[in-house]
Amino acid sequence: MRKLIRALGAVCLWITFSSTVYASAPTPVSEGTNVARLAEQAPVHWVSVAQIENSLIERPPMAVGFDIDDTVLFSSPGFWRGKKTWSPDSEAYLQNPAFWEKMNNGWDEFSIPKEVARHLIAMHVKRGDNIFFITGRSPTKTETVSKTLQDDFLIPAANMNPVIFAGDKPGQNSKTQWLKANKIRIFYGDSDSDITAARESEARPIRVLRASNSTYRPLPQAGALGEEVIVNSEY
């Protein structure tokens, strides 16, 4: 009888323990990940600034071009303020001359120069290249962007050209004509339109990553057009 009681007690204890284990099992809070996913890399043509420099060793000085917003400057602070000031619920501020007047005449004092741009521009200055900045910003009667860029990136006057404000014309890539006109051989940009403009003008397109906290959304798919993409260029 005692053996039977002991056996029943053991069974009850096992049932109680099992119930406790199952009851305390954590509920998944996300899909989670695994090492295969963490190791996965997109099939993108990554390059470094050093590799770009090395590819130009045998080339004479040339004209090179840079987009501005999200390529050489993290300029989201000015665009964020413009949206809040003129059109909090839409992108209409981008068509407002008052916004561009502010943005092109002082608000870049709040823009942060990107480190990748510092390295790229210093490399091209050392080569003796002629540096152009071509932006999709709307033109204004006056502008301080050229001086801001020259000061931020320590560009000698001999290498620097005034900023070209190509504007953003619907139905056409307004940068292409400027790339062609200035015989630009390399063009750096963060957007798909920068890459296509370079190709249309027979320049070498090189993608700079747009920072993940940029106000310019959606983020582009870098490398999707087969272009070179600079590593660690989001900042």
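Reading the values: the criteria
Just so you know, the residues in each chain are numbered from 1, in the order the chain's sequence is written. Local features are withheld for residues below a pLDDT of 70 in this predicted model, meaning they are given only at 70 or higher, and side-chain atom pairs are given and counted only at 80 or more; totals for whole chains, interfaces and linings count all residues. No hydrogens and no water enter the side-chain calculation; it runs on all heavy atoms of the structure. UniProt positions are given in the numbering used here, feature names are shortened, and annotations may be inferred rather than shown by experiment. Any two strands between which DSSP finds at least two bridges are classified as paired. A run of H or I in DSSP counts as a helix once it spans at least four residues, and a run of E counts as a strand once it spans at least two, with each numbered from the N terminus. We call two residues in contact whenever any of their non-hydrogen atoms come within 4.5 Å of each other. Only the contacting stretch of a helix is used when fitting its axis, a line to C-alpha atoms as for every element, and angles between N-to-C directions run 0 to 180 degrees. Here's how the labels work: a residue is buried when its accessible area is under 20% of the maximum for its type, exposed when over 50%, partly exposed in between, all with a 1.4 Å probe on protein chains only. Summarising the geometry, the arc corresponds to the directions from the helix axis toward the C-beta atoms.

- Under an unreviewed UniProt entry, the name given to the protein chain is Class B acid phosphatase, and the organism recorded is Kosakonia quasisacchari.
- In its Subunit (unreviewed entry) section, UniProt records this for the protein chain: "Homotetramer."

### Quick notes on the sheet that holds strand S2 (residues 63-66)
Inference 1: Spatial ordering of the open sheet is given by S1-S9-S8-S7-S2-S5-S6, a layout of seven strands whose pairing is parallel. Edge strands, defined here as strands with exactly one partner in the open sheet, are strand S1 (45-47) and strand S6 (164-165).
Inference 2: With four bridges connecting them, S2 and strand S7 (residues 184-189) associate as parallel partners. Along S7, the bridge assignment pairs Ala-63 with Ile-184.
Inference 3: On top of the sheet, helix H9 (residues 192-200) reaches S7 and strand S8 (204-207); it is set at about 165° to S8, its chief contact.

### Some words on helix H7 (residues 145-152)
Inference 1: Along H7, the residues classified as buried are Val-145, Ser-146, Thr-148 and Leu-149. One side of H7 holds all its buried residues, which, seen down the axis, span an arc of 165°.
Inference 2: Directly after H7, the chain includes Leu-154, whose backbone phi takes a positive value near 55°.

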